[in-house]
Amino acid sequence: MTGSEASPSFRLAYVPGVTPTKWVRIWNERLPGVPLTLVGVSAAEAVGVLVGRDADAGLVRLPVDRTVLSAIPLYTETTVVVVPKDHLVAAVDEVSTEDLADEIVLHPLDDTLGWEELPGRPAIERPATTADAVELVAAGVGVLVVPQSLARLHHRKDLTYRPVPDAPRSSVVLSWPEDATTDLVEQFIGIVRGRTVNSSRGRPPASVTAQAADAQPKRKSPDARGARRPAAGTSTGKAPRRGSSGAAKGAKGPKAAKRGKPRRRS
């Protein structure tokens, strides 16, 4: 098939910690004929995937290259410190970066917080990934400061986390190539912004719905001639009552005149 005849589809990249489930569900309800494919990428790979057109849009973390990518802010996460359950931090509701001054604070290579100055004492070596850093925390090597969604993603029964209000925070945006704002990208923008299906900007454009309809298997319309009809010679009314040409059985006729005996003449 040529590009114009190909069935429409949408590829959505997303980074660890981001949960696109709700938006994907709404997409499937509104555009059932346009499959949405999720593309999991690391935070470091996200911009390259979008610039290289390996995804139509992405749920990624700031910063992004605004010279080539458009971005719509979605939300900013709470930052937390991940510690063993028996750590002193577990006994309080929240901590400050100053409270971590005596701790070894792990700084993975895929960190998304963009520290100007990391709190605490640095580790001898930076872990390659956040997942590796979590393993080190569980081993009692240090603590880890991350967006809350990443703490949940890498949850372990022997670890817990507490908010760090004065730490840098990570913002999640919807981003896509600036020169590729397609009808489908506009549809996804409407979904994440909460536009209803009745909104003029929330309705799929005619070009999308037409292509999606063509991609759906055709259903045969019911044949009117297949309607049930009464068999030949069968009457739909009630059978007539059986009539009788004579009087009803058991009915009495007019009474016969009494016949008396003729009197004898004397």
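Definitions and limits used
Residues numbered from 1 in each chain as written. Predicted model: local features only at pLDDT ≥ 70, side-chain atom pairs only at ≥ 80, totals over all residues. Heavy atoms only, no water. Helix = DSSP H or I, 4+ residues; strand = E, 2+ residues; numbered from the N terminus. Contact = heavy atoms within 4.5 Å. Areas by Shrake-Rupley, 256 points an atom, 1.4 Å probe, with all protein chains shown as cover. Buried < 20%, exposed > 50% of the residue type's maximum accessible area, 1.4 Å probe, protein only. Salt bridge = Lys/Arg side-chain N within 4 Å of Asp/Glu carboxyl O. Arc of directions from axis to C-beta.

Here's the deal with the overall build of the chain
Here is step 1 of the chain: Across its full length, the chain carries six helices and 10 strands.
Here is step 2 of the chain: In the chain, the share of contacts with a sequence separation of at least 24, taken over all contacts with a separation of at least 6, comes to 72%.
Here is step 3 of the chain: About 18,100 Å² of surface is accessible on the chain, with carbon and sulfur atoms providing 51% of the total.

Comments concerning helix α5 (residues 183–192)
Here is step 1 of the chain: In terms of burial, α5 is a largely internal element, eight of the 10 residues being buried.
Here is step 2 of the chain: Along α5, the positions that sit buried rather than exposed are L184, V185, Q187, F188, I189, G190, I191 and V192.
Here is step 3 of the chain: Following α5 by one or two positions, G194 adopts a phi angle in the positive range, close to 85°.

Observations regarding the pattern of salt bridges
Here is step 1 of the chain: Under the definition given, this model contains six salt bridges.
Here is step 2 of the chain: R25 is paired through a salt bridge with E29; the nearest N and O atoms lie 3.3 Å apart. Residue R25 and its partner E29 are located together in helix α1 (residues 21–30), separated by four residues, close to a single helical turn.
Here is step 3 of the chain: What you see here is one network of salt bridges that share partners, running through E135, R156 and D158.

Some points on helix α3 (residues 130–138)
Since there are 3.6 residues in each turn of an α-helix, residues three or four apart along the chain are aligned in direction.
Here is step 1 of the chain: Within the sequence span of α3, burial applies to T130, A133, V134 and V137. All buried residues of α3 lie within an arc of 105° about the axis, which places them on one face of the element.
Here is step 2 of the chain: Looking at the packing, one finds that the buried side of α3 touches β5 (79–84), β6 (104–106), β8 (143–147) and β9 (159–163).
Here is step 3 of the chain: Of the residues trailing α3, G140 is marked for its positive phi of about 85°.

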